[in-house]
Amino acid sequence: LSRQFAFEYKQNFDALLEVAMPLNFEVARHARAVQLAILRALEIKIPKSALKSGLDRFYRQATQQKRILVIVENLQNPEHLDSLNLPTNASAIVTSRLRYPLKDFDVLNLSVLSDMQAMEMAKSLLRGRSADDSNFYLLVYECGMNPGAITDVAGRIAELHSVPLADFWFAF
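Rules and cut-offs
Residues numbered from 1 in each chain as written. Predicted model: local features only at pLDDT ≥ 70, side-chain atom pairs only at ≥ 80, totals over all residues. Heavy atoms only, no water. Salt bridge = Lys/Arg side-chain N within 4 Å of Asp/Glu carboxyl O. Helix = DSSP H or I, 4+ residues; strand = E, 2+ residues; numbered from the N terminus. Buried < 20%, exposed > 50% of the residue type's maximum accessible area, 1.4 Å probe, protein only. Expected span 1.5 Å × (residues − 1). Contact = heavy atoms within 4.5 Å. Arc of directions from axis to C-beta. Pairing = 2+ DSSP bridges. Axes fitted to C-alpha atoms, helices over the stretch in contact; angles between N-to-C directions.

Student: Could you give an account of the pattern of salt bridges, naming the residues involved and the relevant values?
Tutor: Scanning all chains against the criterion turns up two salt bridges. In this structure, Asp14 and Arg67 form a salt bridge, with 3.4 Å as the shortest nitrogen-oxygen distance. You can see Asp14 sitting in the loop between helix 1 (2-8) and strand 1 (15-20) and its partner Arg67 sitting in the loop between helix 4 (55-63) and strand 2 (68-73), a full 53 residues away along the chain. Overall, the relative accessible area of 43% leaves Arg67 in the partly exposed class. Close ionic contact of Arg32 with Asp56 constitutes a salt bridge, the shortest N to O distance being 3.8 Å. Of the two residues, Arg32 is situated in helix 2 (residues 27-41) and Asp56 in helix 4; the sequence distance between them amounts to 24 residues. Taking the relative accessible area as the measure of exposure, Arg32 reaches 36% and is therefore partly exposed. Overall, Asp56 belongs to the partly exposed group, its relative accessible area being 40%.

Written out as structure tokens, the structure reads:
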């Protein structure tokens, strides 16, 4: 749903960036990576002087007039959102399996897909893959019935043409 919204309104922004929050979030490393990704998405070249004297000031100046949409997937801790140092004029869509209040955000609580919806989604994403329902159910169960996770895993499965769905979990 967040991706669908973002792509429908992409033309309203100078840049669109999706950030998948890792479970082992390290403030300094990941915040810097997000800053660099935003500058890359805006196609802004970073002068060497900015890297030497400090990226933060250059980043703030370069993004202050830009309209940026950031999708933050799988937020585990609301403090991590502040740590990303998103530009003040950026818009954000934040997804999380956890429920907690986020200041300055409108919250839309969505449930995960039902078993049947998740199975239909997986089957449509993996058209042409023959497998019995138990294999599809294992996929959606392991993904927590989460549409984003199902999409990501289905994409990985699709890349492994020679691996049967029943054997996918053992391919890694």
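And the narrative resumes.
Student: For helix 2, give the residues involved together with the corresponding values.
Tutor: With 15 residues, helix 2 should reach 21 Å at 1.5 Å per residue; the first-to-last C-alpha distance of 21 Å fits that figure. For helix 2, the complete set of buried residues consists of His30, Ala31, Val34, Gln35, Ala37, Ile38 and Leu39. Along its buried surface, helix 2 packs onto strand 1, helix 4, strand 2 and helix 5 (78-83). Once helix 2 ends, the next one or two residues include Glu43, with phi positive near 60°.

Student: Any chance you could break down helix 4 for me, citing the residues and the numbers?
Tutor: Counting along an α-helix, one turn takes 3.6 residues, and residues three or four places apart therefore face a common direction. Taken together, the buried positions of helix 4 are occupied by Leu55, Phe58, Tyr59, Ala62 and Thr63. When helix 4 is viewed along its axis, its buried side chains cluster within an angular range of 110° and face the same direction. Set apart from the buried face of helix 4 by more than 90 degrees, the exposed residues are Arg57 and Gln61. If you follow the buried residues of helix 4, they end up packed against helix 2, helix 3 (48-53) and strand 2.

Student: Before we move on, can you summarise the environment of Pro87 with the specific residues and values?
Tutor: Structurally, the position occupied by Pro87 is in the loop between helix 5 and strand 3 (91-94). Its relative accessible area of 4% is what places Pro87 among the buried residues. Between the C-alpha atoms of Pro87 and Gln35, which are 52 residues apart in sequence, the distance is 9.0 Å. Setting aside anything within four residues of it in sequence, one finds Pro87 in contact with Ile38, Tyr59, Arg60, Thr63 and Ile68.

Student: Outline the sheet that holds strand 1, supporting the account with residue identities and numerical values.
Tutor: Backbone hydrogen bonds are what pair the strands of a sheet, in a parallel or an antiparallel way. Within the open sheet, the three strands sit side by side as 1-2-3. Their pairing is parallel. In this open sheet, the two strands that pair with only one neighbour each are strand 1 and strand 3. Averaged over all adjacent pairs, the angle separating strand axes in this sheet is 15°, with direction ignored. Bridge analysis of strand 2 against strand 3 gives four bridges, and the strand direction is parallel. When the bridges of strand 3 are listed, Ile71 appears paired with Ile93. Running at roughly 150° to strand 1, helix 2 makes contact with strand 1 and strand 2 of the sheet.

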